[in-house]
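Survey of secondary and tertiary structure
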Amino acid sequence: MEYLQQILFSIVLGVAIWLIAKRVGIIKKTIQLGRAEDRSDRPSERIGTMLRVAFGQKKMFDRPIVGFMHFIIYAGFLLINIEVLEIILDGLSGQHRMFAPFFGSGYLYLLGFFEFLAVGVLTVCVIFLLRRDVINVDRLQASKHREMKGWPKLDGNLILIFEIVLMIAILTMNAADSVLQDMNSVHYTKAGDFLFSQFLKPLFAGWSESSLIALERGAWWFHIVGILGFAVYVTYSKHLHIALAFPNTYFARLIPKGEMKNMPEITKEVKLMLGVGEPDEGTPVTEIARFGAKDVQDLSWKNLMDSYSCTECGRCTAACPANITGKKLSPRKIMMDTRDRLEDVGRNMQANNGAFVDDGKNLLGDYILEEEILACTTCNACVEECPILINPLDIILQLRRFQIMEEAKAPASWNGMFSNLETSQAPWKFSPADRFNWADELKQP
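Below is a short write-up of the structure. Bear in mind that the values here come from a model prediction, so they are computed numbers and not experimental data. (Residues numbered from 1 in each chain as written. Predicted model: local features only at pLDDT ≥ 70, side-chain atom pairs only at ≥ 80, totals over all residues. Heavy atoms only, no water.)

Residues that lie three or four places apart on an α-helix share one face, since the helix turns once every 3.6 residues. With 32 residues, helix H6 (residues 151–182) extends 46 Å from end C-alpha to end C-alpha; this agrees with the ideal 46 Å at 1.5 Å per step. Within H6, 24 of the 32 residues are buried, which leaves it mostly tucked inside the rest of the structure. With its phi angle positive at about 60°, asparagine 184 sits one or two positions after the end of H6. (Helix = DSSP H or I, 4+ residues; strand = E, 2+ residues; numbered from the N terminus. Expected span 1.5 Å × (residues − 1). Buried < 20%, exposed > 50% of the residue type's maximum accessible area, 1.4 Å probe, protein only.)

Laid out in structure tokens, this is it:
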């Protein structure tokens, strides 16, 4: 019986690690379905971007109040994990507050700091819940944004409630621990009263030692199993950005946001047609598998990582002029649809021994509609707004490229523009020789 809790905890920890590893493996395989793209250049600049944007939360502070609250949750998540490490080691070793002898009198201050973060996280999560469900921030409402209906709306609420309950559990555990210390209960290290949980001690006045031990152990188990469950849940949730924000910002584009990436093969042909390029002698002609993207396999691995990294915050959609004017386009929905398609592809691969079997569906048409991608003005507002440098525009452009170049499906007004570009090298139907006629009136007599 002495080692029963340690054995049970080891099993729970092992199962959680196995579930997380399995899920991470699936995510990795689906991301690797994307086309190869080299993002290994300028590593020092990439590290700087990651430290500023992901670690330093730079873009979150474009809105200072919300940015500060998000930073409290972020800091709490990172630093409270030090206490979680102690809890895990306690569970494996059968000890209690293993770090206390190493930190001495400083241990009380360390726990006080962790409790300060816990209370901060609890408070901010309550505020964020109120913003979602009472204040009804527009970009988070399912009634106004169809992509937020059902699971996305529930997911956002569940994670906040989950964090609130976990913070209450850790404060309850510490309060019961403090009361047991006052009783000189065996096994409970004399550490003193903790910063915030000491104010909960009157709630447990008059409790017997056995009841307090049951409460403290129950809160301990609830907290650590909750943390492990949270870690598993995150891999299925939009909160996967907790982990992916770092590599996603590291591999972000370093070129100016307004620069659109052309297809090199097409660019070369256009230059040859205009007489400004030279053919590559002796270079074999490479066959282009597909112009643009029809399904997730046609996108780059970075596009797919973007979709898994999306926080569903809606800042991109709130800034999108097409969405603001009532059109169906929502950059957030583009990313969520891409992730949904990836999830379906992942389940398909799991059911077929790791190989994808054609299911008759495609990203374009079954998930993202033609009307959505045609509404995009390529203004880059969504790219500019994203707090972790996701690029919805790149996916939109590739889908639109496929539709026009492979399917020959474009609005009549676009076809007229394409024809003018081909014949007059300009969107307007004027001869190149007449291009500077407007300047004739400026000539000096």
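Moving on, we get to unusual backbone geometry. The backbone phi angle of asparagine 184 is positive, close to 60°, even though this residue is not glycine. Along the polypeptide, asparagine 184 turns up in the loop between H6 and helix H7 (209–234). Take asparagine 184: its relative accessible area is 59%, and that puts it in the exposed class. One non-glycine residue with positive phi stands out, namely glutamate 312, at about 60°. Within the fold, glutamate 312 resides in the loop between helix H10 (301–309) and helix H11 (315–319).

Turning next to helix H1 (residues 4–31). An ideal rise of 1.5 Å per residue puts 40 Å on 28 residues; H1 measures up with 41 Å between its terminal C-alpha atoms. Burial in H1 covers these residues: Gln6, Phe9, Leu13, Ala16, Arg23, Ile26, Ile27, Thr30 and Ile31. On its buried side, H1 packs onto helix H3 (64–93), H7, H10 and helix H13 (331–351). (Contact = heavy atoms within 4.5 Å.)

Moving on, we come to the side chain of asparagine 323. With respect to the secondary-structure elements, asparagine 323 resides in helix H12 (residues 321–324). Residue asparagine 323 is classed as buried on the basis of its relative accessible area, which comes to 18%. Other than its neighbours up to four places away in sequence, asparagine 323 contacts His145, Thr317, Leu329 and Ser330.

A complete count under the given rule lists 13 aromatic pairs for this structure. Ring centres 6.3 Å apart and planes at 55° place the aromatic pair phenylalanine 99 and phenylalanine 103 in the tilted group. You can call phenylalanine 99 buried: its relative accessible area is 16%. For the ring pair phenylalanine 162 and phenylalanine 230, a centre distance of 5.8 Å and an interplane angle of 70° mean the geometry is edge-to-face. With phenylalanine 162 in helix H6 and phenylalanine 230 in helix H7, this pair connects stretches of sequence that are 68 residues apart. Of the aromatic side chains, those joined through ring pairs into one cluster are Phe55, Phe61, Phe71 and Tyr74. Residue placement shows arginine 23 over the ring face of tyrosine 236; its charged tip is 4.3 Å from the ring centre. (Phe/Tyr/Trp six-rings, centres within 6.5 Å; stacked < 30°, edge-to-face > 60°. Lys NZ or Arg CZ within 6 Å of the ring centre and 35° of its normal.)

H13 packs onto H10 with a crossing angle of 105° between their chain directions and a minimal axis gap of 8 Å. One finds that H10 runs roughly perpendicular with respect to H13. Across the interface between the two elements, Asn303, Leu304, Asp306, Ser307 and Tyr308 from H10 touch Met335, Thr338, Arg339, Leu342 and Glu343 from H13. Classifying every residue of the contact of H10 with H13 by side-chain character gives four nonpolar, three polar and three charged. (Axes fitted to C-alpha atoms, helices over the stretch in contact; angles between N-to-C directions. Parallel < 35°, antiparallel > 145°, perpendicular 65-115°, else oblique. Nonpolar A, V, L, I, M, F, W, Y, C, P; charged D, E, K, R; others polar.)

Let us look at the packing of H3 against H7. Geometry of a packed helix pair, given as the angle between the helix axes and the separation of the axes. For the pair H3 and H7, interaxial distance at closest approach is 11 Å and the crossing angle is 120°. What the angle tells us is that H3 and H7 run oblique. Considering the relative orientation of H3 and H7, their crossing is left-handed. Where H3 approaches H7, its residues Phe77, Val84, Ile87, Ile88 and Gly91 are matched on the opposing element by Trp220, His223, Ile224, Ile227 and Phe230. A class-by-class count of the residues in the contact of H3 with H7 yields eight nonpolar, two polar and no charged. (Left-handed = near helix turned anticlockwise from the far one by under 90°.)

A cluster of nonpolar side chains, namely Ile47, Leu51, Phe55, Phe77, Leu78, Leu79, Ile82, Phe113, Phe116 and Leu195, defines an oily patch on the protein surface of about 860 Å² accessible area. Going through the elements one at a time, helix H2 (43–55), H3 and helix H5 (106–133) are the ones with two or more residues in the nonpolar patch. Considering each element in turn, the nonpolar patch owes the most residues, four residues, to H3. If you trace the backbone, phenylalanine 55 turns up in helix H2. A relative accessible area of 47% means that phenylalanine 55 is categorised as partly exposed. (Patch = residues over 30% accessible without salt bridge, like charges linked within 9 Å, V, L, I, M, F, W, Y side chains within 5 Å. Areas by Shrake-Rupley, 256 points an atom, 1.4 Å probe, with all protein chains shown as cover. Salt bridge = Lys/Arg side-chain N within 4 Å of Asp/Glu carboxyl O.)

This next bit is on the pattern of salt bridges. Evaluation of the coordinates by the stated rule reveals 24 salt bridges. Between lysine 261 and glutamate 37 there is a salt bridge whose closest N-O contact spans 3.5 Å. Taken together, the residues span a long stretch of sequence, with lysine 261 in the loop between helix H8 (241–250) and helix H9 (264–274) and glutamate 37 in the loop between H1 and H2 at a distance of 224 residues. Under the relative-accessibility criterion, glutamate 37 is labelled buried at 17%. Taking the shortest distance from any N to any O, the salt bridge between aspartate 177 and arginine 97 comes out at 3.2 Å. Note that aspartate 177 is positioned in helix H6 and arginine 97 in the loop between H3 and helix H4 (100–103), a separation of 80 residues in sequence. Accessibility assignment for this pair places aspartate 177 and arginine 97 in one class, buried. Within the structure, one salt-bridge network assembled from shared partners comprises Arg146, Lys333, Asp337 and Glu372.

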